[in-house]
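Fold and geometry: a report
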Amino acid sequence: MPERIVIKAGSNVLTRDDGKLDITRMSALVDQIAWLRGRGCEVILVSSGAVACGRGLVKPSRKLDSVGQRQLYSAVGQAKLMNLYYDLFRDYGIPVGQVLTMKENFASRRDYLNQRACMAVMLDNGVIPIVNENDTVSITELMFTDNDELAGLIASMMDASALVILSNVDGIYDGPPADPSSRLIARVERGADPSRYVSRAKSGFGRGGMSTKCKIARMVADEGIRVIIADGRRPDVLIDLMTRPGDTPHTEFVAAEKPVSDVKKWIAHSGSFAKGAVTVSRAAAEALRGGEAASLLPVGVTAVEGDFCEGDIISIVGEGGVRIAIGRASCGSAEARAAMGCHGGRPVVHYDYMYME
């Protein structure tokens, strides 16, 4: 089976200092992806750049708010962006296809599986999926934090062996990257938390920052997918990561040895779609966190919040209001309230449909 890699190219990689698209760097990215394809890798590209394309093509007739600007520039720019990718990949005889999606498309299991099937058939037929958020219709409250979050979802959904996040820095440092005394963290082991080193400031033309990258990288690595953060502006960085990784600056998040199931991968990224929450006792929390498989039974529930139906995503909250897990409800909120604290009955959340955070 060929290695499957998801590559995320952010705005700060694909744009110049003036905010317009950097065609030279985009061409270099395509050259490297073609090189990977020539060595048997399946590649999915999560690409920013539509807004940057549109910004250089159209001048608004009146002042627009941030949402209006994003919709206008992305609607115009997405067509040009795909045309550029089409022309660049055509030189290598590689077909590409556009996949525009929204966060809400990942909320239901049916829509999730439909997206997966679409990209799977593209890969099976030698087509590179080029994925971006559909900014023309996305509502701010339902948008991805940035394309890092989208790339993490795609890597998880498509059972990728690796996720490569191309940024404008070499990776995660133990201090400000501009400080000469700061050192690059080359390897993040399981259970380690490098976020204490990371600034929450957003970068350049992107919506997110290194804090978002760190959070997404940890989650995806916990699902059994290797994650690499590297500087996409370095010449041939993708080729160097493949051929001489020891000499190429980057940060790697070590993947869990045992991958989680496809359903649990979907649930892991569904926390923002939770329709309600159940609070559990300390004993129940300890049982869920234990080494053996354990479902959440009614006896361990101490409170039920919100109105949800069987099959909805809900949060499982421990003492102090901290979410400890996400799960797919095995019953509705009314049944959960009626059975709360009682022995017997069916689980509120079955182990097979629960992801521990």
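Up top is the structure.
A brief report on the enclosed structure follows. Since we're looking at a predicted model, the values are computed, not measured. (Residues numbered from 1 in each chain as written. Predicted model: local features only at pLDDT ≥ 70, side-chain atom pairs only at ≥ 80, totals over all residues. Heavy atoms only, no water.)

For the rest of this paragraph, the subject is the overall build of the chain. For the chain, the helix and strand inventory stands at 11 helices and 13 strands. Relative to its length of 357 residues, the chain is compact, with a C-alpha radius of gyration of 22 Å against a globular reference of 21 Å. Expressed along its principal axes, the backbone C-alpha trace of the chain runs to roughly 65 × 50 × 40 Å. Within the chain, the proportion of its 357 residues that are buried is 51%. Restricting the contact set of the chain to residue pairs at least 6 apart, pairs at least 24 apart contribute 74%. Taken together, the 42 basic and 43 acidic charged side chains of the chain have centroids lying 3 Å from each other. (Helix = DSSP H or I, 4+ residues; strand = E, 2+ residues; numbered from the N terminus. Rg over C-alpha atoms; globule rule 2.2 N^0.38 Å. Buried < 20%, exposed > 50% of the residue type's maximum accessible area, 1.4 Å probe, protein only. Contact = heavy atoms within 4.5 Å. Lys, Arg positive; Asp, Glu negative; His and termini not counted. Charge placed at Lys NZ, Arg CZ, Asp CG, Glu CD.)

A complete count under the given rule lists 23 salt bridges for this structure. As a salt-bridge pair, Glu-189 and Arg-187 come within 2.6 Å of each other at their nearest N and O atoms. Given the relative accessible area of 41%, Glu-189 is considered partly exposed. The exposure class assigned to Arg-187 is partly exposed, which follows from its relative accessible area of 47%. With a shortest N-O distance of 3.2 Å, Arg-190 and Asp-222 are connected by a salt bridge. Linking Arg-190 in the loop between β6 (187-188) and α7 (210-222) with Asp-222 in helix α7, this pair joins segments that are 32 residues apart in sequence. (Salt bridge = Lys/Arg side-chain N within 4 Å of Asp/Glu carboxyl O.)

With that out of the way, let us pick up the sheet that holds strand β7 (residues 226-231). Backbone-to-backbone hydrogen bonds join strands into a sheet, with any given pair of strands oriented parallel or antiparallel. Across the sheet, eight strands lie side by side as β3-β4-β2-β1-β5-β7-β8-β6; this open sheet has mixed pairing. The sheet is open, and its two borders are formed by β3 (96-101) and β6, each paired with just one other strand. Strand direction decides the pairing type here: strand β1 (residues 4-9) and strand β2 (residues 42-47), joined by six bridges, are parallel. The residue bridging Ala-9 from the neighbouring strand is Ser-47, located in β2. Together, β1, β5 (162-167), β7 and β8 (251-253) form the strand contacts of α7, whose direction differs from that of β7 by roughly 155 degrees. (Pairing = 2+ DSSP bridges. Axes fitted to C-alpha atoms, helices over the stretch in contact; angles between N-to-C directions.)

Take the environment of His-343 next. Along the chain, His-343 turns up in the loop between α11 (333-339) and β13 (349-356). In this structure, the C-alpha to C-alpha distance between His-343 and Lys-8, residues 335 residues apart in sequence, is 48 Å.

What follows concerns the pairing of β7. β7 sits mainly inside the fold: five of its six residues count as buried. In this structure, β5 lies alongside β7, joined through six bridges in parallel fashion. Bridge pairing in β7 links Val-164 to Ile-228. Across three bridges, β7 lies against β8 in antiparallel orientation. Counted as the bridge partner of Ile-228 is Glu-252 from β8.

Here the focus is the packing of aromatic side chains. The tally for this structure, following the rule as stated, stands at three aromatic pairs. Look at Phe-106 and Tyr-112: their rings are 6.3 Å apart centre to centre, the planes differ by 70 degrees, and that puts the pair in the edge-to-face class. Relative accessible area serves as the criterion here: at 1%, Phe-106 is assigned to the buried category. Counting every residue linked through ring pairs, the aromatic cluster contains Phe-106, Tyr-112 and Trp-266. The ring of Tyr-351 has Lys-264 lying over it, and the distance from NZ or CZ to the ring centre is 3.6 Å. (Phe/Tyr/Trp six-rings, centres within 6.5 Å; stacked < 30°, edge-to-face > 60°. Lys NZ or Arg CZ within 6 Å of the ring centre and 35° of its normal.)

This paragraph deals with unusual backbone geometry. One non-glycine residue, Asp-159, adopts positive backbone phi at about 55 degrees. Secondary-structure assignment places Asp-159 in the loop between α6 (147-157) and β5. Overall, the relative accessible area of 36% leaves Asp-159 in the partly exposed class. Here Asp-236, not a glycine, exhibits a phi torsion of approximately 55 degrees, which is positive.

Mapped onto the secondary structure, Lys-20 falls in the loop between α1 (11-14) and α2 (23-38). Spatially, the C-alpha atoms of Lys-20 and Leu-57 are 9.9 Å apart, while their sequence positions differ by 37 residues. Discounting residues that sit within four places of it in the chain, Lys-20 has contacts with Leu-14, Thr-15, Ala-52 and Gly-56.

A separate point is the side chain of Thr-101. Here Thr-101 is to be found in strand β3. At 2.5 Å, the side chain of Thr-101 and the side chain of Gln-115 are in polar contact. (Polar contact = N/O pair within 3.5 Å; in protein donor to acceptor, adjacent residues only side chain to side chain.)

The mixed open sheet is built from five strands, whose spatial order is β10-β9-β11-β12-β13. Two strands lie at the open edges of the sheet, namely β10 (301-305) and β13, each paired on one side alone. In this sheet, adjacent strand axes meet at a mean angle of 30 degrees when their direction is disregarded. With five bridges connecting them, strand β11 (residues 313-317) and strand β12 (residues 323-329) associate as antiparallel partners. Bridge assignment links Val-317 to a residue of β12, and that residue is Arg-323.

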